[in-house]
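Each chain is listed here by its residues.
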Amino acid sequence: MARKSESRKTVSDRRTSGSRKSVGKAPAKTGTPAAPPAAPKIKFRGKLLENEPMARLTTWRIGGPARYLALPADSEDVARALDLAQERGLPWVVVGLGSNLLVKDGGFPGVVIRMGKGLDRFEMKGATAIVGAGLPTPLLARRTADAGFAGVERFVGIPGTVGGGIFMNAGCHGAEFAEVVTEVTVMDPKGKIKQLSRKQIIFKYRSSNLEGIVLEAKLGLGEESPTKLKELQGKLFRWRKAGTPFDQPCCGSTFTNPSGTKTAGMLIDECGLKGFSIGGAQVSTQHANYIINKGTATASDVLKVIEHLRKTVAKKTGITLELECKIIGV
Ligand SMILES: Cc1cc2nc3c(=O)[nH]c(=O)nc-3n(C[C@H](O)[C@H](O)[C@H](O)COP(=O)(O)OP(=O)(O)OC[C@H]3O[C@@H](n4cnc5c(N)ncnc54)[C@H](O)[C@@H]3O)c2cc1C
């Protein structure tokens, strides 16, 4: 259980301390019978924080603390974070930019592994992009467009990481990651790394059968004029600005679109729920599938809004909306 009263502290920070600190309690002194056994020491190149609020790490700006927050500097750190969870009998979860994530108010009582800097490789080999899971997707879209390669240019407005995008099979404007992924490198919960070819991966609408942690991927792209690609990106950006509350705290689409002709947003709108709010959480008046944090929203407010939308839409249309965003924590 995450202890809210504990202060946040850096238990390992190469950048501030200059030396590797170990995570773990000090060995028990002789003669102190109640002391628990010393936890194994863990070397960590990146940062390992305790009781870190997750609100800063999600685009909803909501969420209680992570018992441990690991910011790995490389794939060995990712394996060390998994070891930490295993040794302490804690759950773990991998996150990217938290742009599709609701962290409950009690926080996550285990190890949150956040993929970012250090795991954000970007390299073009011919028309193949080799990209780290921690690379922001908008950067991927811009860099490939600048280099004159098409395939991911339309993802410029998806504010997550490549790892989260591949796991979720994120997409927009008629394109999705599934179309360009040719190979994915994953780490399993035991820290073993393996390469999966495209044939081994099942992608569906906003989901995949990927397990473990996506570390890296190869994407097959095609040549295209940078000017043309950048023009398209400008157009799509203007579309987002006009049609979605993209600059307000939210997770993008809350629900997946059901099969049929009507989107989740249309169904919610037709039920008269635009602007509906509980506490600090409100259904956007601009796009009904977006729930925005008006500044004071808690996860509990958002969950209540979600529940109300699902019940009302089911009652009025017979359609059960399914969540696109992921919920973690207690
Ligand atoms: C304003 C806005 C607009 C958006 N527009 C779109 C859109 O047009 N299309 C779209 O598809 N989505 C959209 N989204 C949702 C979101 O950006 C995508 O789903 C994105 O791909 C999530 O990436 P992330 O790194 O933020 O993942 P997170 O939110 O951190 O995590 C989401 C899920 O992915 C898993 N995950 C994250 N990283 C990894 C990894 N390395 N390995 C394995 N699993 C991992 C997490 O465990 C979690 O289950 C939007 C969100 C916002 C806020």
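Higher on the page you've got the structure.
The model shown is predicted, which means the values in this text are computed figures rather than measured ones.

A. Highlighting the sheet that holds strand S16 (residues 213-220). The 5 strands are arranged S7-S8-S16-S12-S13 in an open sheet whose pairing can be described as antiparallel. Two strands bound the open sheet, and with one partner strand each, they are strand S7 (122-125) and strand S13 (193-197). Going from strand to strand, the sheet's axes swing by 15° on average, the running direction of each strand aside. Helix-sheet contacts for helix H3 (residues 137-146) involve S7, strand S8 (128-132) and S16, and the interaxial angle to S7 is about 35°.

B. Just the sheet that holds strand S20 (residues 291-293), in detail. The 3 strands are arranged S18-S19-S20 in an open sheet whose pairing can be described as antiparallel. Looking at the sheet topology across the chains shown, the edges are occupied by strand S18 (277-278) and S20. Examined bridge by bridge, strand S19 (residues 281-283) and S20 share 3 bridges and lie antiparallel to one another. Bridge pairing links valine 283 to isoleucine 291 in S20. Of the strands in this sheet, S18, S19 and S20 are in contact with helix H7 (residues 299-317), which crosses S19 at around 30°.

C. Spatial organisation of the state of the cysteines. Under the defined criterion, the tally for this structure stands at 0 disulfides. Of the cysteine sulfurs around cysteine 250, a residue in no disulfide, the closest is that of cysteine 251, at 6.5 Å.

What counts, and at which threshold
- Residues numbered from 1 in each chain as written.
- Predicted model: local features only at pLDDT ≥ 70, side-chain atom pairs only at ≥ 80, totals over all residues.
- Heavy atoms only, no water.
- Pairing = 2+ DSSP bridges.
- Helix = DSSP H or I, 4+ residues; strand = E, 2+ residues; numbered from the N terminus.
- Axes fitted to C-alpha atoms, helices over the stretch in contact; angles between N-to-C directions.
- Contact = heavy atoms within 4.5 Å.
- Disulfide = S-S within 2.5 Å.

Note that all results are geometric; they support no functional claim without further evidence.
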